[in-house]
Amino acid sequence: MTLTLFAHPFSSYCQKALVALYEKDMPFALRMLDGPEAMADLTAIWPLRRFPVLIDDGRPVMEASIIIEYLDLYHSGVHRLVPDDPRVALEARLMDRFFDNYISTPQQKIVLDALRSEAEKDGRGVAEAREMLDRAYHWLDGVMAGRVWAAGEAFTLADCGAAPFLFYAHWTHPIPAACAHVHAYRSRLLARPSFARAVDEARPYRPLFPLPIPQED
């Protein structure tokens, strides 16, 4: 078995896949996307140039959520991340979509705008992204009032994405103090060994972030 992950440690979507691999204690090789040669190799596999991409004995697997589902199907390891109960699995997939679409997407909108020149900035788009994050934080606070992890009592696919997405979202548009359940959940994610490892591996790249970083992180 040979698994290779095309990824960068500072990317939230790459961290999503990395958390899954670490949860499963799955050996793999990291193809670090740190220069033109690596990006050319990625482009030859996936012309859309989005990452992470997993290569399993020559077979490419794109998109972080699909990578995690693929690992459960073909390399289940010590920890399944898609629950066996289809009803719980459906909830995990719903929460996975929530974190991708309503936490990560607006967060990335704000960060990408911060990297633009003044002439290219999209003030209205950023305001809408911040409004979306506020609504998402408050909705999630109600959900997490009765849960340990995103889909219930077990760490799943949804938590693999929630970890980096909430981590960077708080840097970008702080989670309100009133959302105590979201803060507690984010702290549990940061204490999870798989995500703590991903955070540590990404530390050298923090100067790439264009906004102030909270001292507590």
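This is a predicted model, so every value here is computed, not measured.

Novice: Tell me about the overall build of the chain, and please be specific about residues and values.
Specialist: Within the chain, the secondary structure is distributed over eight helices and four strands. Reading the chain from its N end, one meets helices and strands in the order β-α-β-α-β-β-α-α-α-α-α-α. Its C-alpha atoms give the chain a radius of gyration of 17 Å, near enough to 17 Å, the size a compact globule of 217 residues would have. For the chain, the spread of C-alpha atoms along the three principal axes comes to 45 × 45 × 25 Å. Sorting the 217 residues of the chain into buried and exposed places 50% on the buried side. Counting contacts in the chain only where the partners sit at least 6 residues apart, residues at least 24 apart contribute 70% of the total. For the chain, the exposed surface amounts to about 10,500 Å²; the carbon and sulfur share of it is 56%.

Novice: Before we move on, can you summarise the sheet that holds strand 3 (residues 53-56) with the specific residues and values?
Specialist: Pairing is mixed across the open sheet formed by four strands, whose spatial order is 2-1-3-4. With one partner strand each, in any of the chains shown, strand 2 (29-32) and strand 4 (59-62) form the two edges of the open sheet. Shown here is a sheet whose adjacent strand axes are inclined to one another by a mean of 25 degrees, direction ignored. Of the strand pairs in this sheet, strand 1 (residues 3-7) and strand 2 are connected by four bridges, and their pairing is parallel. Within the sheet, the bridge partner assigned to Ala7 lies in strand 2 and is Met32. Sheet strands touched by helix 3 (residues 64-74): strand 1, strand 3 and strand 4. Its angle to strand 4, the strand with the most contacts, is close to 130 degrees.

Novice: Any chance you could break down the environment of Ala196 for me, citing the residues and the numbers?
Specialist: Mapped onto the secondary structure, Ala196 falls in helix 8 (residues 193-202). Expressed as a C-alpha distance, the spacing of Ala196 and Ala163, which sit 33 residues apart in the sequence, is 9.5 Å.

Novice: I'd like to hear about the UniProt feature "domain: GST C-terminal" (unreviewed entry) in the chain, residue by residue, with values.
Specialist: Mapped onto this structure's residue numbering, the UniProt feature "domain: GST C-terminal" (unreviewed entry) falls at residues 85-208. As annotated, residues 85-208 comprises 72% helix and 0% strand, and the C-alpha atoms at either end are separated by 41 Å.

About the criteria used
- Residues numbered from 1 in each chain as written.
- Predicted model: local features only at pLDDT ≥ 70, side-chain atom pairs only at ≥ 80, totals over all residues.
- Heavy atoms only, no water.
- Helix = DSSP H or I, 4+ residues; strand = E, 2+ residues; numbered from the N terminus.
- Rg over C-alpha atoms; globule rule 2.2 N^0.38 Å.
- Buried < 20%, exposed > 50% of the residue type's maximum accessible area, 1.4 Å probe, protein only.
- Contact = heavy atoms within 4.5 Å.
- Areas by Shrake-Rupley, 256 points an atom, 1.4 Å probe, with all protein chains shown as cover.
- Pairing = 2+ DSSP bridges.
- Axes fitted to C-alpha atoms, helices over the stretch in contact; angles between N-to-C directions.
- UniProt positions renumbered as here; feature names shortened; annotations may be inferred.

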